[in-house]
Structures are given as structure tokens and as C-alpha cells.
Amino acid sequence: MKRRSFIKLSLFSSLFLLSNANAKKDSLGYKELIIPKLNKGELINGIRHYNMQIKESTHQFFEGYNTKTYGINQSYLGETIKLINNEEVSIDYTNNINETITMHGHGMHVPASQDGTAHQSIKPNTSWSSKFRVNQKACTNWYHSHAMNKTAKQVYKGLAGLIIIEDDEINKLSLPNNYGVDDIPLILQDRFFDNRAQLYYNPGMRDIMMGYVSDILVTNGVLNPYIDVEAKEVRFRILNGSNSSVYNLAFGDDRTFKQIATDNSLLEKPVELYNLILSPGERAEIVVDFSDDLDEIVNFYDSRSNKSFLKIKINKKAKNITTIPNRLTKLEKYSILDVKRERYFKLSGMMGRLNINGLEMNMNYINEKVPLNSIEIWEVKNDMMMTHNFHIHATHFMIIQRNGKESYVLENEKGYKDTVRIPGGQSVKFIVKMKDYKDEKTPYMYHCHFLEHEDAGMMGQFTVI
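Residues numbered from 1 in each chain as written. Predicted model: local features only at pLDDT ≥ 70, side-chain atom pairs only at ≥ 80, totals over all residues. Heavy atoms only, no water.

Let's talk about the overall build of the chain
The test is simple: In this description a helix means any DSSP run of H or I spanning at least four residues, a strand means any run of E spanning at least two, and both kinds are numbered starting from the N terminus. Only the C-alpha atoms count toward the radius of gyration. The rule for a globule is 2.2 Å times the residue count to the power 0.38. Exposure is judged per residue with a 1.4 Å probe applied to protein chains only, and the accessible area is read against the type maximum: over 50% gives exposed, under 20% gives buried, and values in between give partly exposed. Per-residue and other accessible areas were derived by the Shrake-Rupley procedure at a 1.4 Å probe size, with only the shown protein chains allowed to occlude residues. The positive count covers Lys and Arg only, the negative count covers Asp and Glu only, and His and the chain ends enter neither. Charge positions come from single atoms, namely NZ of Lys, CZ of Arg, CG of Asp or CD of Glu.
Secondary structure summary: the chain contains 5 helices and 33 strands in total. Relative to the globule expectation of 23 Å for 465 residues, the C-alpha radius of gyration of the chain, 21 Å, shows essentially globular dimensions. Taken over the C-alpha atoms alone, the chain extends approximately 60 × 55 × 50 Å along its principal axes. Burial statistics for the chain: of 465 residues in total, 60% are counted as buried. Taken as a whole, the chain presents about 19200 Å² of accessible surface, with 46% of it coming from carbon and sulfur. Computed over 58 positive and 55 negative side-chain charges, the separation of the two mean positions in the chain equals 3 Å.

And the structure:
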């Protein structure tokens, strides 16, 4: 059977399974959203330990049909890890599956040896711990496999989860913070299934180049989910956890909402939006005011595919009222006058192989050596027609230009980020400083976070010297 025909059959079969499922649903046929358990760790001798068991499992995307998956302390995806700034932690990963993996803390500011890249592999039936002092402001990060040439497939099967970092500053703000009640994590993905309800991952050359994109949307491992919320401000921590989809997120009634945070920091002030574009790996925190919407149902959807990620049922009276302040934080900003060096990166490729500056990823080659505490400008040019993005490990950056102009930087991009979307033929400049951690031997990585692109060579390495 040709792959294209198989996919069509897969989509038809998936819809058939959905329509015939025996799951307990609401009156509209939607299933309750799964909220990943909040893992607060266990304090042992002054170090907070997180026991993360990575396992083969089955998960019922379709009621009555067991889909083979990977999970971390659960059947698909992982528990949400809660970290507190300045605490000493040990995130202890045990690999109970029959292949080598890694676990990278995406957005985490940690030493290179604790970053969880392909250089810190976890073989079957072994464990690895990422040990560090939490050293960054409040934000929403995530963790996922980063195995060489296998990242896309392993994430597709479920090796990913959220990390929430809190600090004293954010706890003083009047923001929704009751996890799972008015502070809702959303891991947004899309997945192919075959006619046996199994995840189907088999990208061809076109899929590698243009994106392995399905029209079946999955939220926290649930198809067609709903959530019951109170008639008040509700905060959504949104991760585009897809392999290669760009989502344009909005609400079905065209309401506005306020973005309060980017990948790695609060915004200095809330930014009012009608829609939010996120590429793979990007995060955003938004607050939606449902105070006047008791007994209403609101659709949260991707406007590009016109498919729903979540039905929000406002059917409870508010117990605790919050009010977003007009000012959220004051961000440290680097001056262009202090820039010591500029670096240039060109994203290109053809025929299923991709590169940065003409070089494909090589585990034994260090592409860049970046001095500790040096303020730099990195310019990234997408030399292709399709969209890419650019993610750096180690630290965070601030976007200063799009296509050569400061005015093209959107207001909701003006926080610290680690991943930036770059449409075809366009460029981005950001200012960055490597802080705190020096290691001349162990590299960090930079790469496109379209996972098929990363696995196809669009990745490089740098050390902090």
C-alpha cells in the first residue's frame, strides 16, 4: 500500500474509532482533558529529587483501543516537574525502554554536562540524573528526548513533559496559580494513527522537508478534549509540542486574551492579542478572562487547520478572584554598545538533508566557541522557502530585529526566549550572553526545532570558553 493511501486510511479509521468509542463523554461528545500530575519532588538531605520512570506503555487515545506509547510516570507524555528558583535539584531519569534515549531540559539554564543532549545518553536499564541549582526566573519550560537522529520519533511516541519554574517575584503577582484549576498546562500536538489505532511515524522526504503534519490534534494526550473552569481569569501554559507544525491559536468567539510570558520570562507588561502563533518548541503563557461567561462554551482552536484543541466549559462560579497587574516585571536588557562579536547562521538544505552554514550535525565537531560573559548578536537567516525556527541551549536571548528592522519585532516577543520562528526567506537578530557556566569540552547545541529538520542535520554545537 502506498504511504499516501495508508495515511488517508489512517485518518478515516481514526475518525471511525472516535465516532464509535464507548468512552464516557459530555453531551457534546468531548472527553475530559487530562491534567498531568504535578511532580514537586522529594527533599532528601537538602536536594530535591524527582523520580522520573521512562517506560513503554499503552494509552487510550480512542476508548477501548490500546495505542503503544512511551511515557514518563504515566502512559503518554510525562508528569509536570515543578522547580523553585535557587533550590538544589536532581532530576533522576531511569530508562526502562529498549532503546537509548536522552532527556534534555529545554529552556533550562544549566551546566553543559547536565543539559541532557546526545552527549548524555541513557542506555536501556540505566539511569542518569541532571543535577544543578535552579538558576533562572519563573517560566514554563519542558523536557524531551534529544537522542541523535531519533529525537523526532521518540518525542512522537511520548517522551516529553512540562517544567514549571517559580520564584518569589511571580508568587507576589495576582495571577491564576492553582495548577489544574485556573492554571492549566496545554501540550499541543498532532499525530497520525493507523487503522489499528497505533501511532504512525514514517516520514518521507517531502515530510522531512515540509513537515510531518497531521490534521488530528491532540491536547495533553487527549483527542477532542473539554475542560470545566470557573468564571474568572484562567491562565494557560501553552507548549507547541508538535514535531513540525506551526499553530495559529485563537478562540472561536474572536475574544481577546493577554499574553503574560514568553519562553523564558514574564513580559514586562501583558500584551493583548486576538491570536498567537507558536512554532515547535515555543511556549507562551496567556490569561483569558471568563468572568462574564458563566454557562458558556468557548472553543480554543488552530485557525490554520480550523481544528479544535480544547472546548472550555465555563460552568463554575469563581472561588478566588485574580487581577492581572499592568506591570509584570522589569527585564535585564543588554546594550548593543556592549556587543563584542556578531555571528551569522544560515539555514539551508535540499533533498531531505539540512544544514547550518553548510555543515550537517557532527557529534565530534564544535562549530562555535563562545566566550563566557561576552555579549553577542547572532543573526539567523532562513535561506529556504519553508518555515524553520532556531533554538539555542545554555541560555536565553532577546530578539532585536526581524528582517533588519526593530519595528518588525512583535510586542509579545519582547521577553526572553530560547526558540524563535523564522518564515522562509526571512532573518532574525537576537542579543545573547553566555552566563555562569564554562566548559571547554562539553558542548551545548543550537538547531532548528522542527524535529525532522534537527534529525536531518540542521543542528550544530558550541562550547562556552
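Topic: the sheet that holds strand β2 (residues 38-39)
Hydrogen bonds along the backbone pair up the strands of a sheet, which may run parallel or antiparallel. Where we set the bar: When DSSP finds at least two bridges between two strands, those strands are taken to pair.
What the 5 strands build is an open sheet, ordered β2-β7-β12-β11-β9; its pairing is mixed. The two strands at the open ends of the sheet, each matched to only one other strand, are β2 and β9 (104-106). Pairing of β2 with strand β7 (residues 80-84), which is carried by 2 bridges, proceeds in the parallel orientation. Bridged to N39 within β7 is I81.

What to know about the environment of K316
For clarity, the threshold we go by: The contact criterion used throughout is that any non-hydrogen atoms of two residues lie within 4.5 Å.
Here K316 shows up in strand β23 (residues 307-316). On the basis of relative accessibility, which here comes to 42%, the residue K316 falls in the partly exposed class. Spatially, the C-alpha atom of K316 lies 7.9 Å from that of D295, the residues being 21 residues apart in sequence. The residues contacting K316, other than those within four sequence positions of it, are D228, V229, E230, A231 and L294.

A look at the pattern of salt bridges
Defined as follows: Any carboxyl oxygen of Asp or Glu that lies within 4 Å of a side-chain nitrogen of Lys or Arg is treated as forming a salt bridge with it.
Enumeration according to the criterion identifies 22 salt bridges in this entry. A salt bridge links E166 to K82; its shortest N-O distance comes to 3.4 Å. Of the two residues, E166 sits in strand β12 (residues 160-166) while K82 sits in strand β7, which places them 84 residues apart along the sequence. Taking the shortest distance from any N to any O, the salt bridge between K137 and E169 comes out at 3.9 Å.

With respect to the packing of aromatic side chains
Applied cut-off: Geometry of aromatic contacts follows a simple scheme: Phe, Tyr and Trp rings, the Trp one being its six-membered ring, pair when their centres are within 6.5 Å, and the pair is stacked under 30 degrees between planes, edge-to-face over 60, tilted otherwise.
Evaluation of the coordinates by the stated rule reveals 24 aromatic pairs. Ring plane angle 35° and centroid distance 6.3 Å describe the contact between F390 and F430, whose orientation is recorded as tilted. Of this pair, F390 sits in strand β28 (residues 388-392) while F430 sits in strand β31 (residues 427-433), placing them 40 residues apart in sequence. Of the two residues examined, F390 and F430, each falls in the buried class.

Considerations on the sheet that holds strand β15 (residues 225-230)
If you trace the 6 strands from one edge of the open sheet to the other, you get β1-β15-β23-β22-β17-β20, paired in mixed fashion. Each edge of the sheet is formed by a strand with only one pairing partner; in this case those strands are β1 (31-32) and β20 (275-278). As defined by bridge partners, strand β22 (residues 296-302) adjoins β23 across 7 bridges and the pair is classed as antiparallel. Directly across from D302, in β23, lies its bridge partner K307.

Focus: the environment of M445
By secondary structure assignment, the location of M445 is in strand β32 (residues 439-447). Sequence separation between M445 and P124 is 321 residues; the distance between their C-alpha atoms is 24 Å.

Regarding the nonpolar core
Counted only if it meets this: Side-chain atoms within 4.5 Å link the members of a nonpolar core, which is a set of buried Ala, Val, Leu, Ile, Met, Phe, Trp, Tyr and Cys residues.
Counting 33 residues, the largest nonpolar core has W378, F390, I392, F430, M434 and F462 as its most contacted members. The greatest single-element share of this core, amounting to 3 residues, is contributed by β31. Counting residues in each nonpolar core, the second largest holds 30 residues, with L33, A231, F257 and F309 among its members.

Concerning the environment of E63
Within the secondary structure, E63 is located in the loop between β4 (47-62) and β5 (65-72). Judged by relative accessible area, E63 falls into the partly exposed class, the value being 32%. Taking the C-alpha atoms as reference, E63 lies 37 Å from T322; in sequence the two are 259 residues apart.

Regarding the confidence of the model for the chain
Rules: pLDDT measures how confident the predictor is about each residue, on a scale from 0 to 100.
Confidence along the chain averages 94 in pLDDT terms, with 94% of residues attaining 70 or more. Of the regions scoring below 50 in pLDDT, residues 1-10 engages in 16 contacts with residues more than four places distant in sequence or in other chains. Long-range and interchain partners of residues 19-24, a stretch whose pLDDT sits below 50, account for 4 contacts in this model, where long-range means more than four residues apart.

Side note on the pairing of strand β17 (residues 247-251)
In terms of residue burial, β17 counts as a mostly covered element, since 5 of its 5 residues are buried. Where burial is concerned, the two faces of β17 agree: the one with Y247, L249 and F251 and the one with N248 and A250 are both buried. Summarising the sheet, β17 and β20 pair through 4 bridges and their orientation is antiparallel. Among the inter-strand pairings, L249 is bridged to a residue of β20, identified as L276. Here 3 bridges tie β17 to β22, and the two strands are oriented antiparallel to one another. Looking across to β22, one finds that F251 is bridged to F300.

Brief notes about the side chain of N240
As for its position among the elements, N240 is in strand β16 (residues 233-240). Non-local contacts of N240, meaning those with residues more than four positions away in its chain, are made with L188, S245, V246, Y247, L278, S279, P280, G281 and E282.

Thoughts on unusual backbone geometry
A positive phi angle, close to 50°, is found at N45, a residue other than glycine. Along the chain, N45 turns up in the loop between β3 (42-44) and β4. For N45, a relative accessible area of 78% puts it in the exposed group. One non-glycine residue, N403, lies in positive phi territory at about 50°. With respect to the helices and strands, the residue N403 is situated in the loop between β29 (397-402) and β30 (419-422). Given the relative accessible area of 33%, N403 is considered partly exposed.

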